[in-house]
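For reference, the chains in residue letters:
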Amino acid sequence: MSSSRERILGRVRRALADVEDVRQDDTPPVPERPGRDPEYERAVPRDYLREHGDRSVEQTVDLLAENLADYRAIVHRCIAADLPATIAGMLAARGAKAVLVPPGLDPEWLAEAEAERVPDRAESTPHELDRVDSVVTACAVAVAETGTIVLDGSPDQGRRRITLVPDHHICVVRVPEQVVSSVPQALERLDPARPLTWISGPSATSDIELDRVEGVHGPRTLEVVLVSGQHL
């Protein structure tokens, strides 16, 4: 047996050294899951930190905006009544002539936009989607500590590919109700059976010399609108 394997198995034995003690306490049994050892599940503490520090709702939203900008997303803030004008201005500034629209998106959001609305169709090819200038979606939840927006394929967000092919993505986040502090809090709101897309800034990668290139496997530009106040 190799020395590397011995070291690994030794670490496993040490990690499970107190399993026998755990069996003797009155801790409720852990439901068995395929591929998981229930005794190991009970031996490893799961009391993860749910939030780093105490923040007010306003501070949490500010942290989200700060981290989104740190990831090079463009952040806008407005009240619900100004959302149509805000989106119209963003599309006009971009020179967008066609905007992809998920089936459940509130039509009022694009009421003042002059760009052609392109519906999300199952038969649309990647080349057709690539010809669309922009896409506008809602989101499922936004994580302040990581500057991450999560889409879950709901009707106002559409299928995953419509936010990965067009070069410009406008995402609307309702604040404060869709903003959470941490990833554990976000996971509590999300359905793991849905097609989740986690977005932290525009698509980007870096080579070995750390030269950043954006728009590699998704939108080159991500604009996030933090909209507060009564919904339209």
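Remember, predicted model here, so these are calculated numbers, not experimental data.

(A) The arrangement of the sheet that holds strand β5 (residues 141-143) in detail. Reading across the sheet, the 4 strands line up as β8-β5-β6-β9 and stay open at both edges, with mixed pairing between neighbours. The outermost strands of the open sheet, each flanked by one partner alone, are β8 (179-180) and β9 (197-199). Pairing of β5 with strand β6 (residues 148-151), which is carried by 3 bridges, proceeds in the antiparallel orientation. Bridging from a neighbouring strand, Ala142 pairs with Ile149 of β6.

(B) Highlighting the pairing of strand β2 (residues 98-101). In β2, alternate side chains face the same way, and those of Ala98 and Leu100 on one face and Val99 and Val101 on the other are all buried. Pairing analysis gives 4 bridges linking β2 to strand β3 (residues 116-119), with the strands arranged parallel. Within the sheet, the bridge partner assigned to Ala98 lies in β3 and is Glu116. Sheet analysis places β2 next to strand β4 (residues 134-137), joined by 2 bridges and oriented parallel. Directly across from Val99, in β4, lies its bridge partner Ser134.

Reading the values: rules and limits
Residues numbered from 1 in each chain as written. Predicted model: local features only at pLDDT ≥ 70, side-chain atom pairs only at ≥ 80, totals over all residues. Heavy atoms only, no water. Pairing = 2+ DSSP bridges. Helix = DSSP H or I, 4+ residues; strand = E, 2+ residues; numbered from the N terminus. Buried < 20%, exposed > 50% of the residue type's maximum accessible area, 1.4 Å probe, protein only.

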